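Fold and contact review
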Amino acid sequence: MAHIGIDVSKNKLDCLWLRDVQARRVKTKVFPNQPTHYPSLLDWLIRHTQESPEALHIYLEATGIYHEPLAYWLHQAGVTVYVLNPARVRDFAKSTGIKNKTDKADSQALALFGATQPQQRWVPEAEEVRELKRLVARRDAVQQDIQREKNRLEKAQFSRDSQAITSIRHVLVALEQEDKRLQQAIEEHLDRHNHLKRDRQLLASIPGVGPLLSTRLVAALRSRAFKSARQAAAFVGLVPMHHASGHSVEKKPRLTKMGSAKLRQQLYMGAVVALRHNPDIEAQYTRLRGAGKATMTALGAAMRKLVHIAFGVLKSQTEYRPQLTQ
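Keep in mind that what you see is a predicted model, and the values were worked out from it rather than measured. (Residues numbered from 1 in each chain as written. Predicted model: local features only at pLDDT ≥ 70, side-chain atom pairs only at ≥ 80, totals over all residues. Heavy atoms only, no water.)

A word on the packing of aromatic side chains. Applying the stated criterion across every chain yields a total of six aromatic pairs. The ring of F31 carries the charged tip of K29 above its face, separated from the ring centre by 5.7 Å. The ring centre of Y72 lies 3.8 Å from the NZ or CZ of R130, which sits over that ring. (Phe/Tyr/Trp six-rings, centres within 6.5 Å; stacked < 30°, edge-to-face > 60°. Lys NZ or Arg CZ within 6 Å of the ring centre and 35° of its normal.)

So, in structure tokens, the structure goes:
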């Protein structure tokens, strides 16, 4: 077994083989971050480690999109790949005395973290889920542009800038047409994959989960093999984080807020609706407020319960049935 850390950037891959964990003996080489150079990287690792691809354990950081082509290629080549949380790796590096912030130091921290801490092997998403996430992300970007242009239009109208008003309206027409096209593309994609379409229909049976939220929940909950509803809620960033020490330090719990901020935003709106139409969430909210919990704490719990319910609905493949009526 060989432990390899690869620090990924847009243009290059800093590859480090951790030859000896205790002595921290390493061997390094830099490769361009281009698919045509991935075979050379793998050949170099096999030649120097004298291990098969299956015995290579490669640790990458989640760096936006730049690590994805390499992770998918290595996985298809039979390599054991791990995609790590950059914040955890950074904290680990500090705890082990790695003070330098260089590409080599980062790749060493990745290899050490992977070799000494238990990790979960990375499994790529199904291609249809990955494509759904791409479509949803692109539509989010277009909708953000629409809102920006509307804000600009309001300012232009206030200042009576006729040239800007005409230009902005032309741009808005194009953006709104693209928004409709992307929405249609999402619907057609779901129609081509019956299991995703059924998942969205099941989620839509939950009061508080509308078309937008149900689509986003399908993309999120089908992107990982979650073992429990709590694990799914943690992935979304809805698990409370406590900060207390002795009797003098006790801060209010707050959500971890990891994962997709856009999904949490839509879950917040879904929870507000669910307070009036979902008996289980309404009962939970009333109980927490009656126990003296703050409004936002109770709403955070409602968001988390929505995810729990969604996880249960997808796992059982049955429509939502309020527990209070059973």
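On we go.
Here the focus is the nonpolar core. Core analysis: the largest hydrophobic core is formed by 54 residues, its most contacted members being L203, I206, L217 and L267. Counting only elements with at least two residues in this core, the list comes to α5 (127-159), α6 (162-192), α7 (194-203), α8 (211-221), α9 (229-236), α10 (261-277), α11 (279-290) and α12 (295-316). Sorting elements by how many residues they give to this core places α12 first, with twelve residues. Beyond its immediate sequence surroundings of up to four residues, L217 is in contact with L203, V209, R222, L263, L267 and A310. In this structure, Y38, W44, L60 and L70 belong to the second largest nonpolar core, which totals 23 residues. (Core = buried A, V, L, I, M, F, W, Y, C linked by side-chain atoms within 4.5 Å. Buried < 20%, exposed > 50% of the residue type's maximum accessible area, 1.4 Å probe, protein only. Helix = DSSP H or I, 4+ residues; strand = E, 2+ residues; numbered from the N terminus. Contact = heavy atoms within 4.5 Å.)

Of the voids in this model, the largest pocket is the one considered here, and its volume is about 2000 Å³. For the largest pocket, the lining is made up of 43 residues, of which E125, K133, S223, R224 and F235 are closest to its centre. Counting residues per element, the ones that place at least two in the lining of the largest pocket are α2 (68-76), β5 (80-84), α3 (86-95), α5, α8, α9 and α10. Broken down by class, the residue content of the lining of the largest pocket amounts to 23 nonpolar, nine polar and eleven charged. (1 Å grid on protein atoms, 1.4 Å probe; cavity = no way out; pocket = protein on both sides within 12 Å on 5 of 7 lines; lining within 4 Å. Points joined across faces, edges and corners; volume = space filled by probe spheres on them. Nonpolar A, V, L, I, M, F, W, Y, C, P; charged D, E, K, R; others polar.)

We now examine the confidence of the model for the protein chain. When pLDDT is averaged along the protein chain, the result is 89; 93% of the residues meet or exceed 70. In the model of the protein chain, strand β6 (residues 240-245) stands out as the element of lowest mean pLDDT, 55, in contrast to α6, which has the highest, 97. (pLDDT = per-residue confidence, 0-100.)

Moving on to the sheet that holds strand β3 (residues 25-32). Sheet architecture is open: five strands sit in the order β3-β2-β1-β4-β5, paired in mixed fashion. Only two strands of the sheet have a single neighbouring strand rather than two, namely β3 and β5. Averaged over neighbouring strand pairs, the angle between their axes works out to 20 degrees when direction is ignored. Judged from the five bridges that link them, strand β4 (residues 56-61) and β5 form a sheet pairing that is parallel. Residue pairing in the sheet places I58 in a bridge with V81 of β5. (Pairing = 2+ DSSP bridges. Axes fitted to C-alpha atoms, helices over the stretch in contact; angles between N-to-C directions.)

Attention shifts here to the side chain of N33. With respect to the helices and strands, the residue N33 is situated in the loop between β3 and α1 (38-49). There is a polar contact of 3.0 Å between the side chain of N33 and the side chain of Y38. Apart from the residues within four sequence positions on either side, N33 is in contact with V8, S9, K10, N11, K12, L13, Y38 and Y66. (Polar contact = N/O pair within 3.5 Å; in protein donor to acceptor, adjacent residues only side chain to side chain.)

Following the criterion strictly, the structure yields 14 salt bridges and no others. Of the charged contacts in the structure, one is a salt bridge between R152 and E149, with a shortest N-O distance of 2.4 Å. Residue R152 and its partner E149 are both found in helix α5; the two are separated by three residues, about one turn of the helix. Here the residues in one salt-bridge network are E125, K133 and R224, joined through shared partners. (Salt bridge = Lys/Arg side-chain N within 4 Å of Asp/Glu carboxyl O.)

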